[in-house]
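Chain by chain, the residues run as shown.
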Amino acid sequence: MKHLHIINAHQYYHGISEGKLTKTLAETTKTFCDDHGYTYTETIIENGYDPAEEVEKYVKADVVVLHTPVYWFNTPWIHKKYVDEVFNTGLALGKLLKDDGRTRKDPSKNYGTGGLMQGRKMTMVASWNAPDEFSGNKDQYLLQGKTADDVLYNVGVNYRFCGYELLPNFHCFNVIKDPQIETYLRGYRNHLEQIIK
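Because the structure is a prediction, the values reported are computed rather than measured. Residue indices begin from 1 for each chain and proceed along its sequence in written order. The predicted nature of this model means local features are confined to residues of pLDDT at least 70 and side-chain atom pairs, given and counted, to a pLDDT of 80 or more, with totals for whole chains, interfaces and linings taken over all residues. Calculated side-chain values reflect all of the structure's heavy atoms, with hydrogen atoms and water omitted.

1. Digging into the overall build of the protein
Basically, it comes down to this: Strands are runs of DSSP state E lasting at least two residues, helices are runs of H or I lasting at least four, and both sets are numbered from the N terminus onward. Restricting the calculation to C-alpha atoms gives the radius of gyration, and the globule rule supplies 2.2 Å times the number of residues raised to the power 0.38.
Check the secondary structure of the protein and you find six helices and six strands. Listed N to C, the secondary structure of the protein is β-α-β-α-β-α-β-α-α-β-β-α in terms of helices and strands. Taking 197 residues into account, the globule formula puts the C-alpha radius of gyration at 16 Å, and the protein, at 17 Å, falls close to it. A principal-axis box enclosing the C-alpha atoms of the protein has dimensions of 55 × 40 × 35 Å.

The following block contains the structure:
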């Protein structure tokens, strides 16, 4: 039986981002687990957390699903704080990683190979105000051909550093100017079926 750890990284901003879509997508993940007989834990970062308890949730989980809005081309700052606190606790406890992978005896060993979470996987579900054509389109001014995944690469690297395999991500675009909630949910359910099963 698979176990998922579901993280809601939304940070509330009145009148700008109230978190309804992130919450709905996280609820969709929980329903998916229920429908397939999977167990899950959930953390809503804005509600608070205990770093040592979070480490145990990671150790228990086969798959981590990070639900996040994208603020200024990154996750909200509370997510960065969460990662710093939880992953440093995981390092101190020797549960998520033991070191950066290098040793004085073998300095050629690859940096970033000290993770202990091999065999576990991670995916992101991100909500953007940007239109989908801004991602991967060389004719678009902002990213000049780079993708939404490229923008969030640093977030996934945190997990890869701990040994996780990074699964394909799911992006919801145009969520403020032209929200297509049913399309997002249908696409996300299909995404889960493909990457988790």
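2. Notes on the packing of helix H2 (residues 51-60) against helix H3 (residues 77-93)
Just so we agree on the cut-off: Working convention: axes come from line fits to C-alpha atoms, limited for helices to the stretch in contact. Angles between N-to-C directions cover 0 to 180 degrees. The scheme is simple: roughly parallel for angles under 35 degrees, roughly antiparallel for over 145, roughly perpendicular for 65 to 115, oblique for anything else. Residues count as neighbours in contact if any of their non-hydrogen atoms are within 4.5 Å of one another.
Running from amino to carboxyl end, H2 crosses H3 at an angle of 75°, the nearest separation of the two axes being 9 Å. With respect to each other, H2 and H3 are oriented roughly perpendicular. Seen from H2, the contacting residues are Pro-51, Ala-52, Glu-54, Val-55 and Tyr-58; seen from H3, they are Tyr-82, Glu-85, Val-86, Phe-87, Thr-89, Gly-90 and Leu-93.

3. Brief notes about the packing of aromatic side chains
Just so we agree on the cut-off: Here the aromatic set is Phe, Tyr and Trp, taking the six-membered ring for Trp, and pairing holds for ring centres within 6.5 Å; pairs whose planes are under 30 degrees apart are stacked, those over 60 apart are edge-to-face, and all others are tilted. For each residue, the accessible area found with a 1.4 Å probe, counting protein chains only, is set against the maximum for its type, and the residue is called buried under 20%, exposed over 50%, and partly exposed in between.
Going through the model one piece at a time under the given rule, you end up with 13 aromatic pairs. Taken together, a centroid distance of 6.2 Å and an interplanar angle of 70° make the contact between Phe-134 and Phe-173 edge-to-face. Taken as a pair, Phe-134 in the loop between strand S4 (121-127) and helix H4 (148-151) and Phe-173 in the loop between strand S6 (170-172) and helix H6 (181-196) lie far apart in primary sequence, 39 residues in all. Each member of the pair Phe-134 and Phe-173 is classed as buried. Taking 5.5 Å as the distance between ring centres and 50° as the angle between the ring planes, the aromatic pair formed by Phe-170 and Tyr-188 counts as tilted. Remark: Tyr-188 occurs in helix H6 and Phe-170 occurs in strand S6; sequence separation between them is 18 residues. Taken as a pair, Phe-170 and Tyr-188 share a single burial class, namely buried.

4. Concerning the layout of surface pockets
Applicable threshold: Definitions used throughout: a 1 Å grid over protein atoms alone; a cavity as a set of points that fits a 1.4 Å probe which cannot get out; a pocket as an open set with protein on both sides within 12 Å along at least five of seven lines; a lining residue as one with an atom within 4 Å of a point. Grid points are joined across faces, edges and corners, and a volume is the space filled by probe spheres set on the points. Three classes are used, and their members are as follows: Ala, Val, Leu, Ile, Met, Phe, Trp, Tyr, Cys and Pro are nonpolar, Asp, Glu, Lys and Arg are charged, and the others, Gly among them, are polar.
The space that makes up the largest pocket amounts to roughly 710 Å³. Val-70, Tyr-71, Asn-129, Val-175 and Ile-176 are the residues nearest the centre of the largest pocket, which is lined by 22 residues in total. No other element matches helix H1 (residues 20-36), which puts three residues into the lining of the largest pocket. Across the lining of the largest pocket, the residue classes break down as 13 nonpolar, six polar and three charged.

5. Structural notes on the state of the cysteines
Formally: Count a disulfide wherever a pair of cysteine sulfur atoms falls within 2.5 Å.
Tallied over the full model, the rule gives zero disulfides. Cysteine Cys-33 shares no disulfide, and the gap to the nearest cysteine sulfur, in Cys-172, comes to 17 Å.

6. Considering unusual backbone geometry
Unlike most non-glycine residues, Gln-144 shows phi in positive territory, near 50°. Mapped onto the elements, Gln-144 comes out in the loop between S4 and H4. Phi at Asn-174 is positive, roughly 60°, even though this residue is not glycine. Tracing the sequence through the fold places Asn-174 in the loop between S6 and H6.

7. What to know about H1
Rules: To estimate how far a helix should extend, the number of its residues minus one is multiplied by 1.5 Å.
Here H1 spans 24 Å end to end across 17 residues, near enough to the 24 Å set by a 1.5 Å rise per residue. Of the residues making up H1, those classed as buried are Leu-21, Thr-22, Leu-25, Ala-26, Thr-28, Thr-29, Lys-30, Phe-32 and Cys-33. Where H1 is buried, its residues contact strand S1 (3-8), strand S2 (39-44), strand S3 (63-69), S4, S6 and H6. At the exit of H1 stands Gly-37, carrying a positive phi of roughly 75°.

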